[in-house]
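What follows is each chain in one-letter form.
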Amino acid sequence: QVQLVETGGGLVQPGGSLRLSCAASGRTFSSSVVGWFRQAPGKEHEFVAGIRWSAGSTTYADSVKGRFTISRDSAKNTVNLQMNSLKPEDTAVYSCAVRTGTNYISTMRMNYNYWGQGTQVTVSS
């Protein structure tokens, strides 16, 4: 069993930055893909970014490309999401998820095995 805990959410003004972290317990992220998704009120879950743990290669949604950076910290067994130039439309609950036994970064929520509880990000002046 894998437990995922997200931290780092909060309230930030437009143009500001936040750094989210996803920590895993129960197993390491090896041989896995880790993704970040978000869900805004009244909207479907949206893929934000993903990383192949072993290779470190990444994929981003067009809406965040150039503003968000996903990275991994092997020593801490965490995956981070650095979010810069935040916009009001980035407001959502952000969740990390793990897809085991594959190196394919899926953008579909149904393909991920384990999920964290989510952390709220609010971008507002």
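The structure under discussion appears in the preceding block.
Parameters at a glance
- Residues numbered from 1 in each chain as written.
- Predicted model: local features only at pLDDT ≥ 70, side-chain atom pairs only at ≥ 80, totals over all residues.
- Heavy atoms only, no water.
- Core = buried A, V, L, I, M, F, W, Y, C linked by side-chain atoms within 4.5 Å.
- Buried < 20%, exposed > 50% of the residue type's maximum accessible area, 1.4 Å probe, protein only.
- Helix = DSSP H or I, 4+ residues; strand = E, 2+ residues; numbered from the N terminus.
- Contact = heavy atoms within 4.5 Å.
- Salt bridge = Lys/Arg side-chain N within 4 Å of Asp/Glu carboxyl O.

Visitor: Lay out the nonpolar core in plain terms, naming residues and giving numbers.
Guide: Formed by 29 residues in total, the largest nonpolar core has its most connected members in Phe-29, Trp-36, Leu-81, Met-83 and Tyr-94. When residues of this core are traced back to their parent elements, those giving at least two are strand S3 (18-25), strand S4 (32-39), strand S5 (46-52), strand S7 (68-73), strand S8 (78-83), strand S9 (92-100) and strand S11 (119-123). When near neighbours in sequence (up to four residues on either side) are disregarded, Tyr-94 contacts Glu-6, Leu-20, Trp-36, Phe-37, Arg-38, Val-48, Phe-68, Leu-81, Met-83, Gly-118, Thr-119 and Val-121.

Visitor: Could you give me a rundown of the environment of Gly-15, with the residues and numbers involved?
Guide: Position of Gly-15 among the secondary structure elements: in the loop between strand S2 (10-12) and S3. Owing to a relative accessible area of 54%, Gly-15 belongs among the exposed residues under this scheme. Considering only alpha carbons, one finds Gly-15 and Lys-87, 72 residues apart in sequence, at a separation of 6.4 Å. Those residues in contact with Gly-15 that lie beyond four places of it in its chain are Ser-85 and Leu-86.

Visitor: Just give me the short version of the pattern of salt bridges, but keep the residues and values in it.
Guide: All chains considered together, the criterion is met by four salt bridges. Here Asp-62 and Lys-65 are joined by a salt bridge, their closest N and O atoms 3.1 Å apart. With its nearest N and O atoms 2.7 Å apart, the salt bridge here joins Asp-90 to Arg-67. One end of the pair, Asp-90, is in the loop between S8 and S9; the other, Arg-67, is in the loop between strand S6 (58-60) and S7, with 23 residues separating them in the sequence. The residues Asp-90 and Arg-67 share a single accessibility class, namely buried. Counted as one network, the salt bridges with shared partners bring together Arg-38, Glu-46, Arg-67 and Asp-90.

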